[in-house]
Amino acid sequence: MMAEEKYVCEDCKKSGLFSENHNDCEKLYIDTRLNAGVKRTSADCQCENIGHGWNVHMDYDKEVTDEDVQDLNDVAEEISTPNVEGAFRKIAYNDVKRIDKVADRLILKYNFVTAISTDTIYLYTGKIYENEKALAIIKEETEQNIYQCKSSDTKEVISKIKRKTYKDLADFDSDPNVLTLENGILSLDTLELTPHTPDNLSKILIPCEFSMPESDKIEDNLSDTLFWKYLKNSFTVKGKFLKEQFYTVLEVMASVFVKHQIDEKSIMNLGSGENGKSVMLDYLSALLGKNNISHIPLQVLSEDKFASAKLDGKLANIFADLEKNELRHTGIIKVISSGESIFSQNKGVSGFDLYPICKLIFSTNKFPKVFDQTQGFFRRWIIIKWLRNFENDPDRIDKLKEHLLDNEDEKNMVFSSLLIIAAKLNVNGKFTHDQDWKTIQKLWNENADPVNDFIENYVVDADGWKSKRETYQFYKQKMFDKGEIPLGMRQFSKAFSEYYEEGKSGSVRMWENIDFKEPKQEELESFHA
């Protein structure tokens, strides 16, 4: 006569390790039989492993005594409780809950968050949330967690993680008073640091460390640094210290660490030659970190409908040496400067509403011609003129940029002092030194089309004539007087010919019906001369 087949529950029949597949059965046995002092019946699971997770064997048919229970407890106390990762074992391919189990494990391990509008998964790195490695990690971990894993399992786990972790993109870096640094989370309100936590939804890590400066006056903290020497030299021209421009640069550098727009301003650094502006931009980029910067030209930002999406999560858009291409559309520039919502879209992906916090910072030798001549455009700019030329200058510092960038301690000192200024900008919402929009318009247009400006200010219609060489020498002197580089004679002549007729008297080539004039000098105290 055949022996009656023992009943074994479905959990215990599954393949895999005990710690994965026997837990439910074990808990039921301990709660309803062992702890109650009741013998099991034929309706109970007959699996021979009573302590499934601990691999403890016991005879089910033998009456359980108090001594047996104590022995079991003694064994449990001697074995350390497994940690979270230690409890993670391969899940059977036919486990109907395998997708949920893996998704829950990975969410617990990596603190995944998914942006609703972009459907992008971010993982917590211990300081911030990043998306570059999230999908790769999910695929790798799913393969390790599921026995005989299929590609469809990986796709389902990714989808499940997304559905369980959705957050609004606007929740990231939503508090303008909070900065995530290498050594903690800083409050701009109090300048106090707290430890990193996954509750801080931030995609922006500033690669600097903050320590409270000894003084709230930046000069007291930095006067002995190479950075201070370099910047002060850059704004000392012919023995005169241009204090207003100097402190405006410091405020501009500090403003990038404020996660909202300051007085709807963008920045244009103007100057030719070796004047220090590129050193400032490179130094600022190092303080910000390459992941927190975009590098989009002004004209591209205004014309390319996909360009604004690259500003997501950036503290600054820095572009040096703008081309002089015409700027035909300015609407997007004005919106970004004001921090208003923009519908942005990466190519081939659904669009999203972007609230830009990045500061637009450019440098150029010559402004692009702009069609928008309204107050709405020009009032949004601060123009900083870098007038000193360090070529053959005895105050020039050899390998200045390398020395500045290699000194990590000084960078942290400069960064900490700039945050004192940033905290004030965060509260005041304005730069200390502003410029009248008419002044900015005049300066922009003069620089964008110097020949037209020369004609308007220094040439009058007359019955006489001037030789081409004489006219060019007069123009060149006026450019030098203004601290600007003149066009070459051929370029100047081509542009000038659009306004006046050419003629010839014997062997002398000339411009007809013109004379020179000397305008009255105006005192423009409000612009950065």
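The sections below set out a description of the structure shown in this document. What you see is a predicted model, and the numbers here were worked out from it, not measured in a lab. (Residues numbered from 1 in each chain as written. Predicted model: local features only at pLDDT ≥ 70, side-chain atom pairs only at ≥ 80, totals over all residues. Heavy atoms only, no water.)

## Some words on the environment of N200
You can see N200 is positioned in the loop between β7 (192-194) and β8 (205-206). Given the relative accessible area of 14%, N200 is considered buried. In sequence terms N200 and I185 are 15 residues apart; their C-alpha atoms lie 8.4 Å from each other. Discounting chain neighbours no more than four positions away, the residues touching N200 are K127, Y129, V178, T180 and I185. (Helix = DSSP H or I, 4+ residues; strand = E, 2+ residues; numbered from the N terminus. Buried < 20%, exposed > 50% of the residue type's maximum accessible area, 1.4 Å probe, protein only. Contact = heavy atoms within 4.5 Å.)

## A look at the pattern of salt bridges
Summed over all chains, the structure comprises 28 salt bridges. We note a salt bridge from E446 to K442, for which the minimum N-O separation is 2.2 Å. Linking E446 with K442, this pair stays in helix α18 (residues 437-448), spanning 4 residues, or about one helical turn. Judged by its relative accessible area of 10%, E446 falls in the buried class. Accessibility expressed as a relative area gives 43% for K442, which makes it partly exposed. Sharing partners across several salt bridges, the network here consists of D100, D104, K160 and K164. (Salt bridge = Lys/Arg side-chain N within 4 Å of Asp/Glu carboxyl O.)

## Here we look at the nonpolar core
Core analysis: the biggest nonpolar cluster contains 56 residues, and F227, F257 and L418 have the highest contact counts within it. Here this core gets 9 residues from one element, more than from any other, and that element is helix α17 (residues 408-428). Apart from residues no more than four positions distant in its own chain, F257 is found in contact with L179, L188, I206, L287, L288, F415, L418, L419 and A422. (Core = buried A, V, L, I, M, F, W, Y, C linked by side-chain atoms within 4.5 Å.)

## Comments concerning the packing of helix α19 (residues 450-458) against helix α21 (residues 489-496)
Between α19 and α21, whose axes approach to 10 Å, the crossing angle comes to 65 degrees. Crossing of α19 against α21: the hand is right-handed. When α19 is examined against α21, the residues V451, F454 and I455 are found in contact with a partner set consisting of F492, A495 and F496. The class makeup of the residues in the contact of α19 with α21 is 6 nonpolar, no polar and no charged. (Axes fitted to C-alpha atoms, helices over the stretch in contact; angles between N-to-C directions. Left-handed = near helix turned anticlockwise from the far one by under 90°. Nonpolar A, V, L, I, M, F, W, Y, C, P; charged D, E, K, R; others polar.)

## A closer look at the sheet that holds strand β2 (residues 120-124)
Taking strand neighbours across the sheet as the criterion, the 4 strands line up as β3-β2-β1-β4 in an open arrangement whose pairing is mixed. With partners counted over all chains shown, the strands left at the sheet margins are β3 (129-130) and β4 (166-167), one partner each. Pairing between strand β1 (residues 113-115) and β4: 2 bridges, direction parallel. Paired with T114 across the strands is Y166, a residue of β4. (Pairing = 2+ DSSP bridges.)

## Describing the packing of helix α12 (residues 277-288) against α17
Running from N to C, α12 and α17 point in directions that differ by 85 degrees, and their axes come no closer than 11 Å. With respect to α17, the axis of α12 lies roughly perpendicular. Mapping the contact onto sequence places Y283, A286 and L287 in α12 and E410, K411, V414, F415 and L418 in α17. Of the residues assigned to the contact of α12 with α17, the class counts are 6 nonpolar, no polar and 2 charged. (Parallel < 35°, antiparallel > 145°, perpendicular 65-115°, else oblique.)

Shape descriptors only; they carry no functional weight alone.
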